[in-house]
Amino acid sequence: MEPLSANDITAPAPLPQTPKPKQDHGPPVVESTPMSRRCTTHAEDEVPKRADVVNKFLEDDISDRLEVSLDDFATLILDLPADWQIRDDFTLLPDSEAVKDAFAAYLKVAIGEVDGGDQKRKGMAGHESGLYQPLANLLNSLRDGEGRRVGKDIDEKIFYVQDPRPVLGSLIARKPDLGGIYIELLKLTKNKKLSDHLAKKKIVGVFWGLLLYFIEVKHEQGRFVGLNVNKEGPSSRSQSDTLPSIAYLVSQSTASVPASTPLNSTSTSFGDEHRPGVTIQNQGGKKKTVEILTSQDYQERAEAERKAEKVLTPTQGQHLTRIQCASYAKEMLSKGFIRSHAVGITADDTSLRFQYYDRSKVVESKPFNIVNDEVKKLFMAMVCQLNKLSTENLGFIPNLDLDGFDHLRNPKQLKLPHKNGPDPLVGSTYVFTGSDGRRRRVKITKVLYRAEGIIGRCSIVVEVECLCTEAGCDWHEEGQATTKVMKISFPSMTRPSEDGLIGEARSTAESSGDLWALNHLPEVIDSITYPYHEETTVQGRLKKHLKDDYEERVMRVTFLDKLQPLSDLEDPREFAQVFYDVLQIHQWLYERVGILHRDLSSGNIMYRRKNGKVYGVLNDFDLSSRVRDMDKGPTSKQRTGTRPFMSLDLLNPVWGGGHLYRHDLESLFYIMLCLACRYEAPGVASPDPRPYSEWFSGTDAQILNSKSNFFLNALGEDLPVQTYFSGFEQGLSDIFEEIRSGYTLRPRIHSKKSGKGSEVRNRNTSRDANYEWTTLDMHVSYAMMRSMMSSFEGKPLETRWVGNPDH
C-alpha cells in the first residue's frame, strides 16, 4: 500500500456547483470556507496543550496582522478626540512637574541618561526588571494633567508591576511585565475579609478577568519592536532564520543563572506567598496538582529567558515578542470575563508600540520613539485616553452584571470558584431584551464551554436560570425557573445565523410531516444579534476604515433548551443509538433541508430523554452552511471543524475541494473511536498514555501526519477499544477499513507549477474519469455508515428515517 503522504491530496479543478455526483477531473469544489490553520472550536476531550502548539496557533492568529500609523491607532482604536491637542486635559500633560519627573526617571534607566542631559547610551543601563516600576510610574502620572496621586475614585485605573508572578487562571504560566487594573484592586491582599476568602481558595493576586490591558517590557535598544533593527546584537544568524524556541535555548544553557533580587514591594505591585502547589478538583471528581512557583522561582526562570533572548536577531526578537503579547491577549479573551477585544503595549527602552486584538484582526501601531517631542505628546495623550475608556470600550461586553456588583472595580464582592483557576462568570447575571420585547435577567449557574483563541467566533456556553418575577414568564414551570443554555459568540456577519438554520430545519420537519426529526434537533428559545456601530465602537470604525480587509462580525446571544451531554449516558447501547440518530438527522438535513453541519465533535453530539428513551441530537449549527450556497464564495475567513475530529482532507493545506458531507462522516468515526478507546467508562479516562492524544494537542500538520500513519500502520492491528465499549469494536473496524480504502485507492492528482500558476493534471486519466469524489467511490457514504451503525451487538437499533439509498 502506498503511503498517505501530504502530497497525495488532490488539487481540484474548478467546477460550477456542488455537490455533483460524478466528476471527470477531480473532487467537487466547495468554497464556503477557505482553508486556514485557525480553529474556532475545541473538543471537550482535552489533553494538556504544549506551549509550542499553543504558540503555533497564536502565530496563525497574528499572521494576518495589520500595521497602522500611531495617529490611526489613536483615533481608530482608542477613539482619541480629533481636538486633543487643544484640550486642557491633554495639553497640560507635558508641562506637569509630576509627568516631567516620571519621564526623566524612566529615561534615566531606559537610556542611561546622565546628569547634564547627555542622552547617549552608555551600554545597557540595568536589568530589564529595573524598567518596570519607572515605566509604571510614568504611565500612572498620565491619569490627568496634574499627575494626581491615587485617590478613592473606584473608576480610576492604575498600572502595576505583575512580573515575576503569573496572572492566575491558566495552566501555562503567562506573566506580562505590567498590567492595568482598577485602583481598588490594590486592596486585594490588604482587605482582611477578602484576604481570608482568597486564602481559602489559594488565590493571591490578579487573575485574567481583572486585567484591563497589559504591557510587555524589553531592554534591547528598540530591536524587539522594530526600531534599530540593523543592530544584530551578539548573534551572527541572518534575520530570516527560523525562530528557535526560548524554552529550547534555556534548556541548552549550561551556565548557572543566579536569582535576581526580588523587587521591593510598592503601591503598584502585589505581595508574594510561598505556594508550592495548588490541588484542583475538576468536574468528575479527578484531582491534579498544578505547580505554583514563588517569585524567586519565576525570577530565575525569567533571567534564563532573558539570556536566551540575547542570541536572537531583531526579526526573531520581534516575532517572539508578538507571540508573547498575543498569548496575553488570548488569555484575557478566553480566561477572563467575556470580552470582544483587548489592548496591550510593548516597550523596548524608548521605543514602543501599541497592539489591539479582536475576533477579526490583530492591529499594531508602527513602532515609535518617545524621545521625539511630538511623538511623546501623542503617546501621553493616548495613555491618558486609554485610562479614560470605559470597561465596555475596553472590550467587556455590556449588560453582564458580575455577582450583583462590578467587581472589576469592587473586589469586596469577589466570589471565585476555583477550577483550573478563578472562574469569574458563575454567579454573574446577564440582562437582555428578548425578541418578544420582554426584559429578562438570567443568572449564570455553570460554565459548559469556553473557546480559546483570538480570531474566530470564540463561543462561550453557560447554563442560566431566569431571575425575572413577572407573571406568565414561560421560562418558569410551576413557579420554578428552568435551566436554559446561553451561548455568546462572535460570528461573521455574512455567515447564516444558527437560529435561522435550526428554525429552517424545524419548519421543514413540520411542513413535510417528518416530525421525527424534531426529536433530534436543538430548540432555540430566543436569539439576539448585536452589530457593532461604526461610529461608537472600535470594530465599527475599523470596518469603515479597512473595508474588505476587515471581517465584520456581530455579537450573538442565543438561548436554547438544555440538552444532555454524551458523558451522562451509562448504557453502551444507548451510545450506539445516539450515534445512529445523529447519522440519520445529518443525512435528513443534507437531503431534505439542504444544510451541511460541518462541525461534528464530541461536544456537538448530545441527547434528550423522552418517556425513558434516548434521542440523539445534533447540536451547534454555528458553522453550518446551506448546500445551495456553498459554491458562491466564502461566508467567513475561518475554517470549519473541530481539530481532533477533522478529516484528513480538511487538515491538509493542499486540499482545495472544500467541505463535503463525507468529511462529517469521517468526523463521526473519529468521535466514536475516541470515546471507545480513550474512556474506560463514561467520563472515566483510560490510563496514560491514552490513544490518539496528539489529535487533541498537536498542530494541523502533526494531526494530519498522525492520522495518515493511523490509517497506514493500523492495518491488521486491533483498535485499542476499552472493554466497556467492546460492542463498538467490529463496527469501528469495518468503518476504518472503508475510510482507509477510500483514501488509499483514490486517484492521485498533482499540481504542476508554472509561471502563471498551477496546472492540474491527472496521472491516470483512464481510471479517474469515473471516480466518484464526493464519497471516495462509495467507500465513505451514508449507505456505508448505515450498514455499519444500524445494529449493535447483533441487534438492530431504531431506524427513524430511510434516506436516499444511493448516498
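Please read all numbers here as calculations on a predicted model, not as lab measurements.

> Can you tell me about the overall build of the protein chain, naming the residues and giving the values?
Scanning the protein chain for helices and strands turns up 20 helices and 30 strands. Looking at the protein chain as a whole, 57% of its 807 residues qualify as buried. The long-range fraction of contacts in the protein chain, counting pairs at least 24 apart against all pairs at least 6 apart in sequence, stands at 74%. On the protein chain, roughly 33400 Å² of surface is accessible, and the fraction owed to carbon and sulfur atoms is 49%.

> Tell me about the confidence of the model for the protein chain, residues and numbers included.
Across the protein chain, the average pLDDT comes to 78, with 72% of residues at or above 70. Within the model, pLDDT remains below 50 along residues 1-25, and this stretch shows 73 contacts once partners closer than five positions in the same chain are excluded. Note that residues 28-44 has pLDDT below 50 and, in this model, 91 contacts with residues that lie over four places away or in other chains.

> Let's hear about the sheet that holds strand β17 (residues 483-489): which residues, and what values?
The sheet built from seven strands is open, its strands ordered β11-β12-β13-β14-β17-β19-β18 with antiparallel pairing. The open sheet has two edge strands with one neighbour each: β11 (400-401) and β18 (524-531). Alignment of strand β14 (residues 460-466) against β17, held across six bridges, turns out to be antiparallel. Residue pairing for β17: Glu-465 is matched across the bridge by Thr-483.

> Explain unusual backbone geometry to me, and be specific about the residues and the numbers.
With an omega of 0 degrees, the peptide bond between Asp-688 and Pro-689 qualifies as cis. With a phi close to 75 degrees, Asn-399 is a non-glycine residue in the positive phi region. Structurally, Asn-399 is set in the loop between α10 (373-388) and β11. With a phi close to 55 degrees, Asn-611 is a non-glycine residue in the positive phi region. Position of Asn-611 among the secondary structure elements: in the loop between β22 (605-610) and β23 (613-618). Here Asn-611 falls in the exposed class, since its relative accessible area comes to 83%.

> Describe in detail the pattern of salt bridges, supporting the description with residues and values.
A complete count under the given rule lists 39 salt bridges for this structure. As a salt-bridge pair, Arg-353 and Glu-67 come within 3.4 Å of each other at their nearest N and O atoms. Placement of Arg-353 in strand β8 (residues 351-358) and of Glu-67 in strand β1 (residues 66-68) is noted, with a sequence separation of 286 residues between them. Ionic pairing is found between Lys-484 and Asp-561, a salt bridge with its closest N-O pair at 3.3 Å.

Basis of the calculations
Residues numbered from 1 in each chain as written. Predicted model: local features only at pLDDT ≥ 70, side-chain atom pairs only at ≥ 80, totals over all residues. Heavy atoms only, no water. Helix = DSSP H or I, 4+ residues; strand = E, 2+ residues; numbered from the N terminus. Buried < 20%, exposed > 50% of the residue type's maximum accessible area, 1.4 Å probe, protein only. Contact = heavy atoms within 4.5 Å. Areas by Shrake-Rupley, 256 points an atom, 1.4 Å probe, with all protein chains shown as cover. pLDDT = per-residue confidence, 0-100. Pairing = 2+ DSSP bridges. Salt bridge = Lys/Arg side-chain N within 4 Å of Asp/Glu carboxyl O.

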